[in-house]
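Residue-level structural notes
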Amino acid sequence: MSALSSHLPRQALDLDGPSIPPPDGQIPQLDNPPNGNHIAVPFITVSVIVSALLFLMRFYAKFLTKKLNVSDYLTFLAFPVFWVYIYYSYALSWTGGYLVHQWDLRLKDTSAFNFITFTATLIYVWYIALIKCAILLEWVDIFVPRGERNYFTWAAWAMCFFFVSLSIIIFSLDMVNCTPFEGNWNLLAPGRYCRFEVPQFVLAIAIANFVLDLLPLILVQRVIWNLHLAWHKKLGVSFMFLTGLAAASANGVRIYYATRFYVSADVSYYFSILAISTLAETLAANMVLCIPLGPRALLGLKQTKAYTLLKGYMTVKGDGNATNINQSDEYYSSSELHRIRKPREHWFMSSKLDTNTVAERTVHDGIQDSESQRRLRDAGA
């Protein structure tokens, strides 16, 4: 569905004129319209860098363990889709730009803006379905013992079903909305007729995603706080999985601006904000999927030859600096002491890593681990 199809006029107008009449006191700036590319483009770039590091970390952790599950296959499918979505996020800045007011956009330029928003919407609905299903099934693999099915398993699969169903509905409505098909982005296409209004669907999607973001967080927190772990360890795991609040917050912002989009004729401005918040949601989803595997990847790096050599170099350098600072006999007599404190390991990190998998260790002495606790350690070890 085109972002601008609901408000712009259908009849042929001055193609070089503003796409809508400006508000009182506003003069259209059509030649060099002010926009928010200086805000959007850096944010897109940060999202690219952070997401690339997150996926690299996850793939490296999975390479170490040599074990794949359903969430990994979904991640492999989502990975290229994300980069296509990033391309169109940048492409929007090459048209009128982000946060450009509708009256500063020439009517003939609306087709380019519409085409990008239409295509990006189609890509987004599939990416968000893949990545959120991957997150839910990853949590099932961590918290549910193999071969068992409990309420969390069925809830996760049910939410995956809703995510996929919502994406199929949105995609289908996008594809059949306008006749001819070009009318989805070209407001001046001959005989153009559209069946649905865009703003209503944008608001409905934002609300549905907000609810479907909160439900998994509530369920996984209940599972975490029922584990047989020390309180401070539960708190650590709880904070790790609360990164999903970032996605819910992004959807909360989308709901607010979707209501503005619903009532305003300044479609290009408010849809740009929705596009930025949508990108924030995808970035948050990448974080939720990949961060639990961070400790495992870090442990793997600590076992590499490069890390060992670097640590040895830093130790020798530290010894040299300490010698220059203190030349006393007493200092030399205490050289047996540790000059470099051993880094604190994460609570569910293992102490060793062999060539095939990460070695497991007991999370809490004196407490027999359940299968779900072992998987939780596997997620970080």
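Residues numbered from 1 in each chain as written. Predicted model: local features only at pLDDT ≥ 70, side-chain atom pairs only at ≥ 80, totals over all residues. Heavy atoms only, no water.

**Focus: the nonpolar core**
Counting residues in each nonpolar core, the largest one holds 68 residues, and the members touching the most others are Ile 131, Trp 139, Phe 143, Phe 152, Phe 241 and Phe 261. Put simply, the parts of the chain that give this core at least two residues each are helix H1 (37-65), helix H2 (70-93), helix H3 (110-143), helix H4 (151-176), helix H5 (198-225), helix H6 (231-241), helix H7 (244-263) and helix H8 (267-290). (Core = buried A, V, L, I, M, F, W, Y, C linked by side-chain atoms within 4.5 Å. Buried < 20%, exposed > 50% of the residue type's maximum accessible area, 1.4 Å probe, protein only. Helix = DSSP H or I, 4+ residues; strand = E, 2+ residues; numbered from the N terminus.)

**Focus: the state of the cysteines**
In the structure shown here, the tally under the stated rule is one disulfide. Put simply, Cys 178 and Cys 194 are joined by a disulfide, and their sulfur atoms are 1.9 Å apart. With the S-S dihedral at roughly 100 degrees, the linkage between Cys 178 and Cys 194 falls on the right-handed side. You can see Cys 178 sitting in strand E1 (residues 178-179) and its partner Cys 194 sitting in strand E2 (residues 193-194), a full 16 residues away along the chain. Taking relative accessible area as the criterion, Cys 178 reaches 4% and is therefore assigned buried. By relative accessible area, Cys 194 is classed as buried at 12%. (Disulfide = S-S within 2.5 Å.)

**Looking at empty space enclosed by the protein**
If you walk through the whole model with that rule in mind, you get three cavities of 30 Å³ or more. There is about 410 Å³ of room inside the largest cavity. Together, 29 residues line the largest cavity, and Thr 117, Thr 121, Phe 271, Ala 275 and Thr 278 are the ones closest to its centre. A class-by-class count of the residues in the lining of the largest cavity yields 23 nonpolar, four polar and two charged. Lining the second largest cavity are 13 residues, and of these Lys 132, Ile 135, Asp 213, Pro 216 and Val 288 sit closest to its centre. Among the residues making up the lining of the second largest cavity, the classes are represented as 10 nonpolar, one polar and two charged. (1 Å grid on protein atoms, 1.4 Å probe; cavity = no way out; pocket = protein on both sides within 12 Å on 5 of 7 lines; lining within 4 Å. Points joined across faces, edges and corners; volume = space filled by probe spheres on them. Nonpolar A, V, L, I, M, F, W, Y, C, P; charged D, E, K, R; others polar.)

**Looking at the pattern of salt bridges**
Per the counting criterion, the structure on display carries eight salt bridges. Among the ionic pairs, Asp 16 bridges to Lys 108, the shortest N-O distance being 2.8 Å. Of this pair, Asp 16 sits in the segment before H1 while Lys 108 sits in the loop between H2 and H3, placing them 92 residues apart in sequence. Of the residues examined, Asp 16 reaches a relative accessible area of 42% and is grouped as partly exposed. (Salt bridge = Lys/Arg side-chain N within 4 Å of Asp/Glu carboxyl O.)

**Quick look at the packing of aromatic side chains**
Under the definition given, this model contains 23 aromatic pairs. For the ring pair Phe 118 and Phe 181, a centre distance of 5.8 Å and an interplane angle of 75 degrees mean the geometry is edge-to-face. Of this pair, Phe 118 sits in helix H3 while Phe 181 sits in the loop between E1 and E2, and the two are 63 residues apart along the sequence. A residue is classified by how much of its surface remains accessible, and Phe 118, at 2% relative accessible area, is buried. By way of ring pairs, the aromatic residues Phe 55, Phe 59, Tyr 73, Phe 76, Phe 79, Phe 82, Trp 83 and Tyr 127 are connected into one cluster. Across the ring face of Phe 63, the terminal group of Lys 66 is positioned such that the distance to the ring centre comes to 4.1 Å. (Phe/Tyr/Trp six-rings, centres within 6.5 Å; stacked < 30°, edge-to-face > 60°. Lys NZ or Arg CZ within 6 Å of the ring centre and 35° of its normal.)

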